[in-house]
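Listed here are the chains, written in short residue letters.
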Amino acid sequence: MANKLNIAVELADSHLATDLIKTLGAIPNVEVVQWFDSMGEKGALAVKDAQQIIFIDDNQDSKQLSTRLALLRESFPEAAYFVVASDQRPQHIIEVMKIGVAEYLVTPIDTKVLHNAVEDIRVKLANAGKIACGSVYSFISSKGGLGSSVIAVNTAYSLSQKKATSVALLDLSLQSGDASVMLDVLPETSISDLVKNFHRMDASFLSAAMTKAFNQLDFLAAPASPNDCQEINGEHISAIIELGKKLYDHLVIDCTSMQINEGSLEAFDASEKIFVVIDLSVPAIRNAARLCELLEKHQVPSDKVEIIANRFIKGGTLSLAEVEKTLEKRVAWLFPNDFKSVISSINKGVPLLKFSPGCPLAKNLSSFAETLTKQNLNEKFRGIRGTFGRAI
Ligand SMILES: Nc1ncnc2c1ncn2[C@@H]1O[C@H](COP(=O)(O)OP(=O)(O)OP(=O)(O)O)[C@@H](O)[C@H]1O
Ligand SMILES: [Mg+2]
């Protein structure tokens, strides 16, 4: 079950319908159909899918509108009805709202108002368990600079390339916040704006705080100034993630390296998987062991914690077997070392998967994201093949 919304538009004005469908099409994860010749009123058999939102026009006569709605409701009792109208008389709007429509949208429709109204419905449906909540993945480096941000950004980008899949990347790496540089976005808002106005927290507010990085990839930036990080607590992070899960198919969280705080614990709690990034060096492995111990102390279930090794070089000085013995855990994935490609993509502010999709690291990252969604992690193949194509 995805959190996709099915929307039907049944408007007499074909130009208005075309414009509306175009605007709705820009909202991630919605499928819009147009109904002609009162198809909706003819019932569910005349149309293919159950619709969660139905747009109809206002014919300025509330009685007729009421009859039309009653007819539609027989076939689509669960749908939310949005009325599109030019009439701005308050009395008329009240009458229409009394019939039980969810939204009254005055033409020309404000894109932001429309977007928020649609997302509010998505949240309501997710709260009622009628559509799926997104999956959450957290990334944390066991030592600074091991690649958590590179892997999180590229995983988020890769997940967002799948049709009708909405992804949000949350930068909880509050002190450094490199993800915005890697995506080459200049966010106007950040987590600290959400926190300062926490009482207003809802789907529209969260959506408005997100920066659009790519078509199906939104980004929530870390605060611009490290001073603003102090006021962010676990309750804030938990609320952002819970709401984010209702708006997006996947949330990818880039956490502050090495340390655990109230916020990251909330992220771990909500995560399906927590990826601890190491490289095959003694300090990274020692820190990873400490980090895993700390996670255990905080009752983070160990089966959620996966070790992933970045900058992997075949035949390095430390063997995988030695690392796994120390950590008492299998290394779940190996990302090849490719400094030149990574640094060029970072400097250009384009995810590696877009910048150089054919390079081995990009292919590896894409296969990692695919493995995540298929929940195939911990199968024999973990990203790199050795001699004669055997899985390492
Ligand atoms: N697979 C890789 N191959 C080669 N170099 C890499 C690879 N992944 C990351 N790097 C290099 O490591 C650097 C640090 O990566 P990144 O910023 O993702 O680490 P981080 O763990 O998020 O660091 P921080 O602790 O600062 O948040 C990158 O600038 C890049 O140069
Ligand atoms: Mg980082």
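Residues numbered from 1 in each chain as written. Chains lettered and ligands numbered in written order. Predicted model: local features only at pLDDT ≥ 70, side-chain atom pairs only at ≥ 80, totals over all residues.

J.: Describe in detail the overall build of the protein chain, supporting the description with residues and values.
T.: Per the secondary structure count, the protein chain includes 15 helices and 13 strands. Based on the C-alpha atoms only, the size of the protein chain along its principal axes is roughly 80 × 50 × 40 Å. Restricting to contacts in the protein chain with at least 6 residues of sequence separation, those with at least 24 account for 74%. (Helix = DSSP H or I, 4+ residues; strand = E, 2+ residues; numbered from the N terminus. Contact = placed C-beta atoms within 7 Å.)

J.: Could you give an account of the environment of R68, with specific residues and numbers?
T.: Of note, R68 is situated in helix α2 (residues 62-75). For the pair formed by R68 and S38, sequence separation is 30 residues and the distance between their alpha carbons is 9.6 Å.

J.: Outline unusual backbone geometry, listing residues and values.
T.: For the bond running from T107 to P108, omega is -10°, close enough to zero to count as cis. Tracing the sequence through the fold places P108 in the loop between β5 (103-106) and α4 (111-127). At D37, a residue that is not glycine, the phi angle is positive and equals roughly 45°. Considering the arrangement of structural elements, one finds D37 in the loop between β2 (30-34) and β3 (53-57). Judged by the 9 C-beta atoms lying within 10 Å of it, D37 falls in the exposed class. Of note, the phi angle at S38 is positive, near 55°, even though the residue is not glycine. Structurally, S38 can be placed in the loop between β2 and β3. Overall, S38 belongs to the partly exposed group, with 13 C-beta atoms counted inside 10 Å. (Buried ≥ 20, exposed ≤ 12 C-beta atoms within 10 Å, placed from the backbone.)

J.: Before we move on, can you summarise the domain arrangement of the protein chain with the specific residues and values?
T.: Segmentation of the protein chain into domains returns domain 1 (5-127) and domain 2 (135-389). Using C-alpha coordinates to define each centre, domain 1 is positioned 38 Å away from domain 2. Among the residues making up the side of domain 1 that touches domain 2, the classes are represented as 3 nonpolar, 4 polar and 3 charged. (Domains from an automatic or database assignment. Nonpolar A, V, L, I, M, F, W, Y, C, P; charged D, E, K, R; others polar.)

J.: So what's going on with the site of ligand 1? Residues and values would help.
T.: Surrounding ligand 1, one finds 22 residues, the nearest of these being S141, G144, G147, S149 and S257. Of all the secondary structure elements, the ones that give two or more residues to the shell around ligand 1 are α5 (148-160), β12 (305-312) and α13 (339-348). For the shell around ligand 1, the element with the highest residue contribution is α13, accounting for 4 residues. The class makeup of the residues in the shell around ligand 1 is 8 nonpolar, 11 polar and 3 charged. (Near = placed C-beta within 6 Å.)

J.: So what about the environment of G145? Which residues, and what values?
T.: Assignment of secondary structure puts G145 in the loop between β6 (135-141) and α5. When the C-alpha positions of G145 and V277 are compared, they lie 9.7 Å apart, and in sequence the two are 132 residues distant.

J.: Talk me through the pairing of strand β8 (residues 211-214); I want residue IDs and the actual numbers.
T.: Residues in a regular strand point their side chains to alternate faces of the sheet. As defined by bridge partners, β8 adjoins strand β9 (residues 217-220) across 3 bridges and the pair is classed as antiparallel. Looking at β9, one finds that K212 is bridged to D218. Linking two consecutive strands that pair antiparallel, namely β8 and β9, is a turn of 2 residues. (Pairing = 2+ DSSP bridges.)

J.: Run through the nonpolar core, naming residues and quoting values.
T.: Generally speaking, a soluble globular protein has its nonpolar side chains buried in company with each other. Counting 80 residues, the largest nonpolar core has L169, I253 and V276 as its most contacted members. Here this core gets 7 residues from one element, more than from any other, and that element is α5. If sequence neighbours within four positions are ignored, V276 has contacts with I140, S142, A288, L291, C292, V305 and I307. With 31 residues, the next largest nonpolar core counts V32, I56, V83 and L114 among its residues. (Core = buried A, V, L, I, M, F, W, Y, C linked by C-beta atoms within 7 Å.)

J.: Requested: an account of helix α9 (residues 234-247), with residues and values cited.
T.: Relative to the 20 Å expected for 14 residues at 1.5 Å per residue, α9 spans 20 Å between its end C-alpha atoms, a close match to the ideal helical length. Restricting attention to buried positions, one finds in α9 the residues I237, I240, I241, L243, G244, K245, K246 and L247. (Expected span 1.5 Å × (residues − 1).)

J.: Residue-level account of the sheet that holds strand β11 (residues 273-278), with values.
T.: Taken in spatial order, the 8 strands line up as β8-β9-β7-β10-β6-β11-β12-β13 in an open sheet, and their pairing is mixed. Edge positions in the sheet fall to β8 and β13 (331-336), since each has one partner strand and no second. Strand-to-strand twist in this sheet, taken as the mean axis angle between neighbours without regard to direction, amounts to 25°. Bridging between strand β7 (residues 167-172) and β9 involves 4 bridges; their strand directions are parallel. Bridging across to β9, A168 finds its partner in D218. Contacts from helix α15 (residues 360-374) reach β6 and β13 within the one sheet, and its direction differs from that of β13 by about 155°. (Axes fitted to C-alpha atoms, helices over the stretch in contact; angles between N-to-C directions.)

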